[in-house]
Amino acid sequence: MSGVKSGTASTASNTFGGTNSKVGSVSKDELALLTGGLERLKVGSLTDHHTYSESREIDYGEHAPDNGISVMRVAKEFLGGAKNGADVTNVNLPASVLDPMSSLEKGAKSMQRGEMIVDIVSATTPEERFLQVLRYQLSGLPKERFGKKPYNPVLGEVFRAAFKHKNAAKHGVTLLLAEQVSHHPPITALHVHNHTLGFGMTSHMKPEPKFWGNSIEVRLTGTIRIELSKFKETYELTRPTFWTTGVLGIGKQRQEFIGETKLVCAESDLEATVEYKAKGLLGIRGEANVVVGKIKKKSTGKVLYEIVGVWDKEVKVKDMKTKKDRVLFDYDKVKAEKSMSMWVPPKADLEPHNSMKVWEKCSEAIWAVDTAAANEEKKRVEDAQRELKKRRQEVGVEWKPALFVRKERGDGEFVYDFREDVEK
């Protein structure tokens, strides 16, 4: 087979794919396309909040018009043959059930009530900061519309946004940078920081969806780490499981979080266990979105607070010493007072592998309720990824994340750290 002459330009398309090169020497541009790395990003603009000049709603993709295609019909077609407990990670769903946004962009929902970061760093005691971190986690739980899911990000896809605080002179700007660091299995890494407030959050998420007849369970594995540099405190959090019922049209259709989550801060010797309770079979028993839990001294197991409430209404904590209750989280009040606007780079400054560029044509078709065109554009993106994978194998190179570094923890688990040199 004929080789590629050194220095030949690659033909990358705006779907983060596409190259006509044959096996042989590889150009610098193609090598960057195949292997990832910071070379494909405008590093200087990543952390300069002035370059984020376009306002965009955090949940903008969830307002797309309905195409009228039955979700149950699609579910029966694509999931009807699956066995109970089957892993459905690789089920390729049509564009008719997709929201016009990547799941990478969904990470911005962690900042949907981002003004709460100010409350965290303003708290004067370890216990109060711990409570504020728990409150912040509750605020980031997303409400999703039934029967819709985002795009599966392609390998190396990135998304970045800025969140400008109401008192920017005092509280600065919070930046969010996300990257799809693995495709099989799908893993998304995310980093949020505000140097003015001394707040940093780094996380990774590996969704593990399973089919259970009329329901889909998605375990959201991976750790969230929040660092408060002023107090030299690190908080580690886990996520609840996301459960969807009624996908085949049996019983009431609903989506909810279930299962147990942990929040731990070693420096303050505090640990919280919070259980998200299921509504019940067929949705005819109990209230939805109930949470109960306890906050303990980690070293002694002594219970300091009890937690009870409904996460999308009101959650209270009871001080076990004083026996007094207080409202920790009021959903409507927090939404009214702590919501933030999101800003993204202008279209001309988007990287070719930015979520808004990768899925641009597919999203346009979904907004236009042109399902056939959306399916065609989705297939084009996916085919380009297959070609890139094939080309990597031909050339003998591996892809590596641009923004994150994987580190093994020694306990069989791993984390993704944000690269320090990104901001240098």
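All of the points below concern the structure found in this document. (Residues numbered from 1 in each chain as written. Predicted model: local features only at pLDDT ≥ 70, side-chain atom pairs only at ≥ 80, totals over all residues. Heavy atoms only, no water.)

**As for the pairing of strand E6 (residues 173-182)**
Along E6, ten of the ten residues are buried, which leaves the element largely enclosed by surrounding structure. Taken together, E6 and the strand that follows it, strand E7 (residues 187-194), pair antiparallel across an intervening segment of four residues. (Buried < 20%, exposed > 50% of the residue type's maximum accessible area, 1.4 Å probe, protein only. Helix = DSSP H or I, 4+ residues; strand = E, 2+ residues; numbered from the N terminus. Pairing = 2+ DSSP bridges.)

**Considerations on the side chain of His-193**
Of note, His-193 is situated in strand E7. A polar atom in the side chain of His-193 sits 3.1 Å from the side chain of His-191. Dropping the residues within four chain positions of it, His-193 is found in contact with Thr-47, Val-173, Thr-174, Leu-175, Phe-199, Gly-200 and Glu-423. (Polar contact = N/O pair within 3.5 Å; in protein donor to acceptor, adjacent residues only side chain to side chain. Contact = heavy atoms within 4.5 Å.)

**Notes on empty space enclosed by the protein**
A full pass over the atoms with the stated rule returns three cavities of 30 Å³ or more. Lining the largest cavity are 13 residues, and of these Asn-67, Ala-95, Ser-96, Ile-366 and Thr-371 sit closest to its centre. Residue composition of the lining of the largest cavity, grouped by class: seven nonpolar, three polar and three charged. Here the second largest cavity defines a volume of roughly 50 Å³. Of the residues contributing to the lining of the second largest cavity, the split by class is four nonpolar, four polar and two charged. (1 Å grid on protein atoms, 1.4 Å probe; cavity = no way out; pocket = protein on both sides within 12 Å on 5 of 7 lines; lining within 4 Å. Points joined across faces, edges and corners; volume = space filled by probe spheres on them. Nonpolar A, V, L, I, M, F, W, Y, C, P; charged D, E, K, R; others polar.)

**Observations regarding the packing of aromatic side chains**
Summed over all chains, the structure comprises nine aromatic pairs. Centre to centre, the rings of Tyr-136 and Phe-199 are 6.0 Å apart; their planes meet at 80°, and the pair counts as edge-to-face. With a gap of 63 residues between them, Tyr-136 in helix H6 (residues 126-139) and Phe-199 in strand E8 (residues 199-212) connect regions that are remote in the sequence. For the pair Tyr-136 and Phe-199, one class covers both residues: buried. Look at Phe-242 and Phe-257: their rings are 5.3 Å apart centre to centre, the planes differ by 55°, and that puts the pair in the tilted class. Highlighted residues: Phe-242 in strand E12 (residues 241-245) and Phe-257 in strand E13 (residues 254-265), separated in sequence by 15 residues. Grouping residues by exposure puts Phe-242 and Phe-257 together as buried. (Phe/Tyr/Trp six-rings, centres within 6.5 Å; stacked < 30°, edge-to-face > 60°.)

**Focus on a positive patch on the surface**
Together, Lys-262, Lys-294, Lys-296 and Lys-298 line one region of the surface with positive charge. On the secondary structure map, Lys-262 appears in strand E13. According to the relative accessible area criterion, Lys-262 is partly exposed, its value standing at 31%. (Patch = residues over 30% accessible without salt bridge, like charges linked within 9 Å, V, L, I, M, F, W, Y side chains within 5 Å. Areas by Shrake-Rupley, 256 points an atom, 1.4 Å probe, with all protein chains shown as cover. Salt bridge = Lys/Arg side-chain N within 4 Å of Asp/Glu carboxyl O. Lys, Arg positive; Asp, Glu negative; His and termini not counted. Charge placed at Lys NZ, Arg CZ, Asp CG, Glu CD.)

**Describing the environment of Leu-388**
Residue placement: Leu-388 occurs in helix H11 (residues 371-395). For the pair Leu-388 and Thr-223, spaced 165 residues apart in the sequence, the C-alpha separation amounts to 30 Å.

**Some thoughts on the nonpolar core**
Formed by 67 residues in total, the largest nonpolar core has its most connected members in Tyr-136, Phe-159, Phe-163, Phe-199, Ile-226, Tyr-235 and Met-342. Setting aside anything within four residues of it in sequence, one finds Tyr-235 in contact with Pro-126, Arg-129, Phe-130, Val-133, Ile-224, Arg-225, Ile-226, Leu-228, Leu-263, Val-264 and Cys-265. Leu-38, Val-158, Val-173 and Leu-175 belong to the second largest nonpolar core, which has 19 residues in total. (Core = buried A, V, L, I, M, F, W, Y, C linked by side-chain atoms within 4.5 Å.)

**Quick notes on helix H10 (residues 360-367)**
The periodicity of an α-helix, 3.6 residues per turn, causes residues three or four places apart in sequence to face the same way. Among the residues making up H10, those that are buried are Glu-360, Cys-362, Ser-363, Ala-365 and Ile-366. In this structure, the buried side of H10 is in contact with strand E3 (98-102), strand E4 (149-151), helix H9 (355-358) and H11. Among the residues trailing H10, Val-369 stands out with phi positive, at a value near 55°.

**Some words on the layout of surface pockets**
Counted as a void, the second largest pocket has a volume near 480 Å³. Along the wall of the second largest pocket there are 20 residues; nearest its centre are His-191, Thr-202, Glu-227, Phe-418 and Glu-420. Counting residues per element, the ones that place at least two in the lining of the second largest pocket are E7, E8, strand E10 (224-228), strand E20 (404-408) and strand E21 (414-418). In terms of residue count, E8 provides more of the lining of the second largest pocket than any other element does, four residues in total.

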